[in-house]
Amino acid sequence: MRRRVRAGERDAFAELYEQCARTVYNHGLRLTGDWSTAEEIMSETFLTAWRVRERLEADGGSLVPWLLGIATNKAENARRGSRRRLAFLVRQPQPPAVTDFAPEVDGRIDDARRLGAVQIALRQLRRSEREVLSLCVWSGLDYQQTAEALGIPVGTVRSRLSRARAKLARLTDEGPGTNMEPQAPRGKVISEAALAALPVREETV
């Protein structure tokens, strides 16, 4: 697959998209907390991957770390752009409220509340810790693959993940308190944060 993608075979790239699009989307969602932004990150990741495919090493393993490394950079760019947009919107007059009477609105609000509560917890981590946590715990990469995705040493991955787990463990012990969204059910918020305690798959040999 790696050689075929590097050579620009469109069928191989389509196959790569089918295999990895959901993984890239989920990674973008965890880093940004926004569904539409995650979709943009996914699209931009594959467009960038196609443009820079010739930089791939001919030999190697899974292409997932390569894609998630690109997606991590796209997510950071998206966060910067979001901050600029929010700063602009704050200066604008508030639009009138429009009530959404769609039957699924309650489910959407609940999903958004859960994701928002998790994002509140994750925002208390440094960006570098948040990225390592997302790649290792939620995306299932081992230490070596995470190091490849972020372009850092394996030892740095281990230390960042350890710090991230310790911080989220403290949040789990403390409960939602003032750091979590108060409306979110306690069990749902804590169960998400507690994923930081899951074991990470050791690097393959």
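Residues numbered from 1 in each chain as written. Predicted model: local features only at pLDDT ≥ 70, side-chain atom pairs only at ≥ 80, totals over all residues. Heavy atoms only, no water.

## Details of helix 2 (residues 10-32)
Then, in step 1: Along its length, helix 2 shows its largest kink, about 50°, at Cys20.
Then, in step 2: Burial in helix 2 covers these residues: Ala12, Phe13, Leu16, Cys20, Ala21, Val24, Tyr25, His27, Gly28, Leu29, Leu31 and Thr32.
Then, in step 3: At the exit of helix 2 stands Gly33, carrying a positive phi of roughly 75°. (Bend = angle between axes of the 7 residues up to and from the residue. Helix = DSSP H or I, 4+ residues; strand = E, 2+ residues; numbered from the N terminus. Buried < 20%, exposed > 50% of the residue type's maximum accessible area, 1.4 Å probe, protein only.)

## As for the nonpolar core
The tendency in soluble globular proteins is for nonpolar side chains to be buried as a group.
Then, in step 1: The biggest cluster of nonpolar side chains holds 29 residues, and the ones touching the most others in it are Val5, Leu16, Val24, Phe46, Trp66 and Leu67.
Then, in step 2: Counting residues per element, the ones that place at least two in this core are helix 2, helix 3 (35-51) and helix 4 (64-90).
Then, in step 3: For this core, the leading source of residues is helix 2, giving nine residues.
Then, in step 4: In this structure Phe46 touches Phe13, Leu16, Tyr17, Cys20, Ala21, Val24 and Leu67, once residues within four positions along its chain are discounted.
Then, in step 5: Formed by 17 residues, the second largest nonpolar core is a distinct cluster that contains Cys136, Trp138, Ala147 and Leu161. (Core = buried A, V, L, I, M, F, W, Y, C linked by side-chain atoms within 4.5 Å. Contact = heavy atoms within 4.5 Å.)

## Things to note about the pattern of salt bridges
Then, in step 1: In total, this model carries eight salt bridges according to the counting rule given.
Then, in step 2: Between Lys167 and Glu129 there is a salt bridge, with the nearest N and O atoms lying 3.0 Å from each other. Note that Lys167 is positioned in helix 8 (residues 154-174) and Glu129 in helix 6 (residues 127-138), a separation of 38 residues in sequence.
Then, in step 3: Taking the relative accessible area as the measure of exposure, Glu129 reaches 0% and is therefore buried.
Then, in step 4: Several salt bridges converge on common partners, so that one network encompasses Glu76, Arg79, Arg127 and Glu131. (Salt bridge = Lys/Arg side-chain N within 4 Å of Asp/Glu carboxyl O.)

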